[in-house]
Each structure stands twice: as structure tokens, then as C-alpha cells.
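Close look at the chain arrangement
Below are the chains, spelled out letter by letter.
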Protein chains: 2
Amino acid sequence: MRGLMQDWPLLIHKVIDFAAIEHGGRSVVSRSVEGPMHRTTYAEIRTRSVRLAKRLAREGIRPGDRVATLAVNTWRHLEAWYGITGAGAIYHTVNPRLFEDQIVYIVNHAEDRVVLVDLPFVPLLEKLAPRLPSLERYVVLTDGAHMPATSLRGAVPYEEWIAEADDDFRWVALDENDAAGLCYTSGTTGEPKGVLYSHRSNVLHAMMTIAPDAFGISTRDVIMPVVPLCHANSWSLAFACPMAGASMVMPGPRLDGPSVYDILETERVTMTAAVPTVWFSLLQHMEKTGGTLHHLKRVAIGGSACPPAVIETFERKYGVAVIHAWGMTEMSPVGSLCQIKPEIDTADYKQLLETKSTQGCAPFTVEWKITDDAGRRLPHDGKTFGRLKVRGVAVVRSYFRREDETILDEEGFFDTGDVATIDAHGYMRITDRSKDVIKSGGEWISSIELENLAVGHPDVAEAAVIGISHPKWDERPLLIVVPKSGREPDKDGVLEHLRPHIAKWWMPDDVVVVPEIPHTATGKILKTALRERFRDYRLPTA
Amino acid sequence: MRGLMQDWPLLIHKVIDFAAIEHGGRSVVSRSVEGPMHRTTYAEIRTRSVRLAKRLAREGIRPGDRVATLAVNTWRHLEAWYGITGAGAIYHTVNPRLFEDQIVYIVNHAEDRVVLVDLPFVPLLEKLAPRLPSLERYVVLTDGAHMPATSLRGAVPYEEWIAEADDDFRWVALDENDAAGLCYTSGTTGEPKGVLYSHRSNVLHAMMTIAPDAFGISTRDVIMPVVPLCHANSWSLAFACPMAGASMVMPGPRLDGPSVYDILETERVTMTAAVPTVWFSLLQHMEKTGGTLHHLKRVAIGGSACPPAVIETFERKYGVAVIHAWGMTEMSPVGSLCQIKPEIDTADYKQLLETKSTQGCAPFTVEWKITDDAGRRLPHDGKTFGRLKVRGVAVVRSYFRREDETILDEEGFFDTGDVATIDAHGYMRITDRSKDVIKSGGEWISSIELENLAVGHPDVAEAAVIGISHPKWDERPLLIVVPKSGREPDKDGVLEHLRPHIAKWWMPDDVVVVPEIPHTATGKILKTALRERFRDYRLPTA
């Protein structure tokens, strides 16, 4: 027997409709790409989204078509998401920092018909355009006055282009399971894979992130997503803020420490979110200038593990609560958030910090398990580590145009590729990527844990650990370190530094000092390249 | 094109599964019907719900069957909801305070097959049982030791009954749109009408209520729903608390001022919710004893308008934030919540109190409009009042077994039966019930506003205003007052008291003093009876 409640599909346009009606005057402030600060409201953003939707429809964009964005965080990018989905089309966020071949691959794979591009990325697009045959229309996210001379055929300035449409348009009628957004993962191996979000998954995910134990978003917040809209859905903030009626601040193209500090203070930001590297720069800047944070109350940090020292500095020195989070593009992206449950609360900050350094707990709508290689569930004892697998309302079922590939296990869980422990209170700690974990004599050694310890050595700037094949143990760890400028770390000194913190059999079999370590486009250590380079390396123990 | 996210239906059992896994040790404390305090956890509640589901299935209960509860708020009632819905059946909360004929009507209309009944209501059920032929099984919510001698044929004590099943049972597989709960509205006219909640509507509604600008529920909360589970879904708290991992306190059968005060303090409740009358008793009790609230941080008040004096006393005297809310059974029930938006925040408490006395703003998932009798939208200017109509994810589409009756307008909105204003900031104020509003010369006069003013007169204990037909104006207001004990209010004095606060044409045409005013089972003024009684009343102005 069916319930008798209304059919009210979870559609993205309802979020901006709601914000325009209930929080119409609330501000969205951006540092524009052109330079000056720009101020608008949710009501205006909705109106402009409607124009964009109408203009896209006139362009021939139909439900299900893909529209690419190659843009930083500004009000225009925000309204683009609502306009594109309101026309029934799919926003495809292209990360401009990807390798050129990757950009070419994903735009072609997605068959994007229109691209909205920010000024700084016009030269890149000009270069790639001959290889992007599906693109029919280039729209530069600026006005006529700032429109550059460009080789992009038929390129138009966004402002004049959407002004060709009025706001007399009804959002296209859709099913809540219709596709809304597309984001490709930039894996280190293989071709990028597209995650196709639905209206439903985006709306539910945003509802989840608003909760007090997630980002805790209210009308009294001024929220700045430093995390780009092109990076895993901006951690939902482009939906969650208007849904909760929070003000937004868009940092535009300048994400360096001084610029971030400046906008946090002048715009009285209360909550912000980004990967750790952004916060390294901010903290360094404040350390240098003696600046403090007068308005910021909390900062969400994810994308990669946040060092405990960063958490402690934010919390104890600047009075800003850190929400350590974890997720992935395939999870829309939020998978866990670290808030202190009452049963483990304590006045002992060292102990709290231990918990705050974990990736946190699963929110409602996310289920997880850890398993061994055979898929058997492992205990949640905080020690045993296994493959982390997830299931939920905003978790991927299959990749775009690879629907025939099975990526869920028989219980419907998706393998995150991470290796993690989960403790009795539900706190999860990523210990490694499953492809990076070192399998030594049937046991697993966490490369990340060794790396974190190694960078604690005073002479070490960066560290990477990879498995090297070993005749007896299958694999043994090799520690690769980059020295700090002017320092010369030696093998024995580095190993002695690790010794008190690890089991004896975790000790790397060798240490190699290199001038630099290769990185991915998004700043992660490129271990495939390291494994390639050290493929024939012979350990002294072998 | 469909999105490629997982199919993860929004089912009620996922809430208790989540709580058992992520917040398994979190406490649910109840004042039992038998007397002593009872302590359990979400993990135990889940296990017992599973047993109940299995036992119901063995009883022959199938998906879609209705199981009635006639019970106060305890852990058993809570687990009953999860057990019933986990078996695929529908919990039907029967309010024991309804008139006997209403109870007979709704149990027969619902065709309840099983009833779970608390000890205090066994005598009532014994009396009504001969008129309730659909009931096959009476389960008394107690253990064998407390089982009374009863004429209820085949009655069993709940504890022993569910102990006949183990917890090796899988929740019944369901569609998220399947019916989960049934609650009848106890209207003052006509037969009660059943609202049939779905799993989806209950889960989404709970997600909405958790948000910081709704009830703001977190793991650090200890939440006591004084509002009964049988009263409009306990305002979602039976779902929202386990979903957010908050501790729960169930007040059991004793809702008087001293009992509520005692449990708020001893169980360190941080948030609670109930209708105004509960709070009148609590505040009176504290006034008398000089007690203060050491743990309570916020109180949700709804069901009927909360007098500003109550809001002010909670906030200024006891430091407890009031969340003034409005809703109805047909809305699952939360329709609006009053939180202060930043643009109207001020240090002037008098001005804040003005806003806090409104019913507040619509949360995401609720849409509303006000219209005139012809269905035309009226402006949101805070002055114009019109019929309040709502649409949303947890709003009724049609009543149970009255599916052929159209209750939505052409835009899909449900007429709440309330008359309200909405101001430019989105704050809604109920000014009347649409059937009670007095239509004088084409304009509307709010009976409630006149009543609120009249009870401010020092000699008036209670007041009611009804429309009396008038040859020239169609209707004119008649003010009916009950004097305070030992006082004798006179017509001119009462009218003089109103004069400074109302437009001249709002002035009642007459005042009648009566010893008492009739009420509904839920304590509201029974205006139908008053209109009947004064049907032939001749106004002096007629």
C-alpha cells in the first residue's frame, strides 16, 4: 500500500527557488575574475539562472545534454549550475588543472555541447579547441567590455548572451533520478571516469551536509567554499548554502594565503572549506603577519588527511573548530565528518586531537564496512585495517558510459580504494590507498603512516613510501625522501626517527634521498611514477 | 538521461539501523507506565524492533496491514514504530484522549488488526472492544508481572509476546513510497480523516527537522518529546533523534508541571517539545518553587500559538531559547519554524519578541502561499491575510480511503484551513482558522486576534469570538468571555480594553459572559458548539 503524501520530486531548481523566496536578499559576494568584488543575492541569481536556462534551451540544449564549465568559484559559476540543471541539462565541471590530454578526453567522452569558460582559461581552451569537436558554443564568463579577442569560433560574452533571454521560463519538468551533474575522477591510472549525479542525490546529499554534526549550516552563516565547484561538487556547498539560507562568499581565482586571509576577514566569513594545502598557506601567512581570525568559526578540511598540527593550530591558536572530513567524487562527495561524540568528549586536548585526526563518522545516508581482500567483513576495533566500502543515497552505482562494468559488490557496496580502520565509536581512519598499501608476508603496512612519520624528521620536506618486491616477503617498504632546503638527511637518522612509533616489521628496508617527488594534477604524490622509476630497485635485504 | 547513483530507498528501518551502528550506546531513558525509570540504548531498541517485526509477521501481519498503538511516550512505543514499519505494516497512532466514538470510528475505518495498548488504556479498550471487530490481537505494553486481569480476549503481555521471536529477521523489503504511518485528524466537524505517511515522507521530514534552523539536533543533545507520538508523529522526533544520534528521554504518562520539571533536570534534557499548555504548567511550577533549568537549551512550542509572555519567560528568565513552530497532522507535521534571520536580528528584545510570536518561516521542502477565497495569491506584506495553502515533500495528497476527494488546488497546494499573513522576510502569522474568521462587509476579521486581546483584560479567563449573521455586514463579531473566578467583567470595560489595539470596524458588536466555553478533546475551543448555541443570537446592531 502506497502512502498518500504529495509527489514532490527532489530537484535542484527547488533549492534556488526556495532560496529566492525565503532568503531572497541574502548575499552572494565574489571576487570576480575581472578583479573587483561583486555582490548579488539569491533572488538575482535565480533570475539569472532562469535566463541562462532559457538561453540554453534556445541554443538547442535539451534534457540530458552536457554543458561544460571551466571556471573558478564566482556567482556566475553558481548560477550556471542552476541554469544548466534548470534547463534539464547536465553541468559538467572540468578541472582546468587536469593535464591537457585528460581535459580533451573527458570533454570528448562527455560530448559536451556548450562550454562556459572563465577568462584565465580561454588560452587553454583555444589551444585544445581543435581537439574538441563536440563543442558547438563557447561562452566566456564575462561581459562585453572584458571580452578578449579569441580564436574560439563564435565565442560570446556570457552577460550579453544570457541577456538575449528574459526570465519568463518554467524550469524543465524532470524526474528526480534524472542526471544533473557530471564530474570525472582524475585517477592516476587508466582513463578518467565520469560520476553522474542525479537531482535526487545532490539534493539529499545537501540536506545531509546541513545537519549540526555535518557542516551545521544556518542563515547566520557566511560560507566560503574555497574548494572549487569543479572539485567534487564543491563538497555540496553550492546546494547546501542556498538550501539553508546561508550567505556565500566566492573567492574567485586567488587562493593564496594572503588573498584567502583578506577575504575571510573583510567578508566576515564564518565557515569555509578546502583541502589542507590551502590552510598551510593561510596559517603560514598569519604566522608571518601576526593576523588573527575575527569571524571564522569553523573550517572543513578534507581531500587529503589533515595533519594534527594544522587542526591544533586552528583550534587552539585561532579558536576555529576544524571539521575533518573525508569523501570522494564517487560519494558526491562527503563520506564522513569528524565531530566529537559525547561519549568520547574529554578536556584532554591531546586525546581529542587523536580523534580529530581521524576522518570521522558516517552521517545518515552513508553506510560503510571494511573487508579483507576476499570481501569478508573485518572488526571495528580501531586497529584492523581493510578495504573501505560504502553504500548510500549519494554513492555512485556505475560510471558514465561504463554502465556494463560492475563496480559494486554483491551487497551493493562500492570499493573506495582506501584502506581504513573503524573504531568501536564509529571513527574511521584512512591508513592508505589499497593500491599503495605494502603487502608484506600477508600483512598490510600503511605507506601513509610511514610517510607522516618521516616528514616529522627535521631534515625531511616530503616523503613517499612504496612497496618493492622482495623474494621472501612479497613486498617490503622503500622510503623516498626529499630533503629540506640545505639539509642532508641520512638513512640511519631517518629510520631512528621512525623506530619508536612503529612495529619492527614496518621498518622500511631502505631510504632513498631524491631532489623531488612527482605529483598529480591535484597535488597528490604520483606513486605510479615512483613505482615505475624504482621498478628494478634492489633492496639491501633482498 | 538518468543519473548513475545508487538506489538507496528512504526507509524508516534505515534510521534505526544507522542509530544502532553509529550511535548504538546512546541512551533512551523512559519514565515507564509501571513506575520506575527505564534505560535502554538504540542498539537494544533496534534488536527489540526486529523481534517485534518478526513476531508480527508470525502473527500474520503483512505489508500494508495496520497496527494500532494506544500508548504514551516510552521506549516500547518507540520500538513499536520501528518494528511495525520494519514488518512492512503501518503504525496507526490512536490518541486515547479522543472521544470514544471517534476511537471506534478510526480503528474501524483503519481496520487495525493488532493493537498495542498501554496499561492505563486497557479499561478504555475493554469498554470499546465489542465495537472493534477488526482487532484480532490485543498486546498490552508491559511484562507478565504487570499484566492485568482483562476481558480483552487473548490479550498478551508485550514482553513475553516479542520474546517468542528472535532477532534473526530481515526487514521487509519495501518501496520508499509505501505507507508507514497513519494518523487521524480530530476535526471539529465531520468524521476524522486519516493521513497516511510514507517511509519517504517520514525520512525526509526528519532530515529537514534536524537542520540548525529547525530543531538543530546533534549527538550532544538529550531530547525529550513531551508531544505524544500519537499527536502528529511526535513532531518527527521519534525519527529525527536516532537519525541525528541524539539521546532521548521519554516522559511516559506524567506530563504535569512537577513531573516534567523533575525529568528535565534529572535527565539533563537539552531540548524538548510540546504544546503551550504543558509549558504553562511547567512555568507555574517553577514560579512556585523557584526552580531553574540547568540543562535545557531550547524548547519547541507548537500545536497552538504560544503567548509572547511564555516565550519571554523561557528566554529571559530561564535562558531557554524558544522555537515557535507550526504544523499539522497533514504536514507530518512541521510546516514552519521561527528562528531569527540575520537581517531582522536586533538587540531590542521587544522587537524580537514580535517576530518570535509569529509561526516562523518555511523550511526547505515546504512551499506556501496565501490566497483569497477565489484562489488568487495575496501579497506577502505582513498585513494582508488569506487562506494558507501548502505544498511539499511531507504534505498530504489525499486522505486515507477518501482518495477520490480532491483536496489539492490546481497548483497542487493543500488548504490548511488556517488564515495567515506572511511578511516580506517570510515570517508567517496565523491569524485565524478560515472557518472561524469573521467576514464583515467583504473584509476579514481575525477571531483569534480579538480573543488574544480579550484575555489580556484582568477579569477575563478565556474568550471566544464567533461571527453572527448581520443583515448589512453579512457577519459581525460576538465576543464570548468566561470571567476569572470572583470577577465580573462588563461589556463596556472589555470593549474599552480592545479599543486601542484594533481597527474600529473590528470592534465586537456585543459581549456575552458565560460560565464556561466548550473544548475539543485536544483542548481547543469548540467553536462549532458555540455557533450552534448562538445561532439565533440577535446582535444589538442588527
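To start, this report covers the structure provided alongside it. If you're wondering where the values come from, they're calculated on a predicted model, not measured in any experiment.

1. Thoughts on the packing of aromatic side chains
Ring pairs (aromatic) are described by centroid distance and by the angle formed between their planes. Counted according to the given criterion, the structure contains 22 aromatic pairs over all chains. Taking 5.8 Å as the distance between ring centres and 70° as the angle between the ring planes, the aromatic pair formed by A:Phe364 and B:Trp8 counts as edge-to-face. Of the two residues, A:Phe364 sits in the loop between helix 12 (349–356) and strand 16 (366–371) while B:Trp8 sits in the segment before helix 1 (12–22), which places them in two different chains. By relative accessible area, A:Phe364 is classed as buried at 7%. Here the aromatic rings of B:Phe534 and B:Tyr537 are separated by 5.7 Å at their centres, their planes lie at 75°, and the arrangement is edge-to-face. Put simply, the rings of A:Trp81, A:Tyr82, A:Tyr91 and A:Phe239 touch in pairs and so form one group of aromatic residues.

2. Side note on the sheet that holds strand 3 (residues 66–70) of chain B
Residue and element names in this part refer to chain B. What the seven strands build is an open sheet, ordered 7-6-5-3-4-8-9; its pairing is mixed. With partners counted over all chains shown, the strands left at the sheet margins are strand 7 (156–157) and strand 9 (193–198), one partner each. In this structure, strand 8 (residues 179–185) lies alongside strand 9, joined through six bridges in antiparallel fashion. Across the sheet, Cys183 pairs through a bridge with Val195, a residue of strand 9.

3. Looking at the relation of the copies chain A and chain B
You can overlay chain A on chain B at an RMSD of 0.1 Å; the transform is a turn of 180° with a shift of 0.0 Å along its axis. The transformation relating the two chain copies, once decomposed into turn and shift, fits a two-fold axis. If distances are taken from each C-alpha of chain A to the rotation axis, the shortest is found for A:Ala211, at 2.4 Å. Looking at chain A, 100% of its interface residues are interface residues in chain B too, so the copies touch through the same face.

4. Regarding the side chain of A:Thr355
With respect to the helices, strands and loops of the structure, A:Thr355 is situated in helix 12. Excluding residues within four positions of it along the chain, A:Thr355 makes contact with A:Cys338, A:Ile340, A:Ile344 and A:Tyr427.

5. Thoughts on the side chain of B:Ser201
Tracing the backbone shows B:Ser201 in helix 7 (residues 199–210). Leave out the neighbours within four places in its chain, and B:Ser201 touches A:Met5, B:Val393 and B:Ala394.

Conventions and cut-offs
- Residues numbered from 1 in each chain as written.
- Chains lettered and ligands numbered in written order.
- Predicted model: local features only at pLDDT ≥ 70, side-chain atom pairs only at ≥ 80, totals over all residues.
- Heavy atoms only, no water.
- Phe/Tyr/Trp six-rings, centres within 6.5 Å; stacked < 30°, edge-to-face > 60°.
- Helix = DSSP H or I, 4+ residues; strand = E, 2+ residues; numbered from the N terminus.
- Buried < 20%, exposed > 50% of the residue type's maximum accessible area, 1.4 Å probe, protein only.
- Pairing = 2+ DSSP bridges.
- Least-squares fit on C-alpha atoms with pLDDT ≥ 70 in both.
- Contact = heavy atoms within 4.5 Å.

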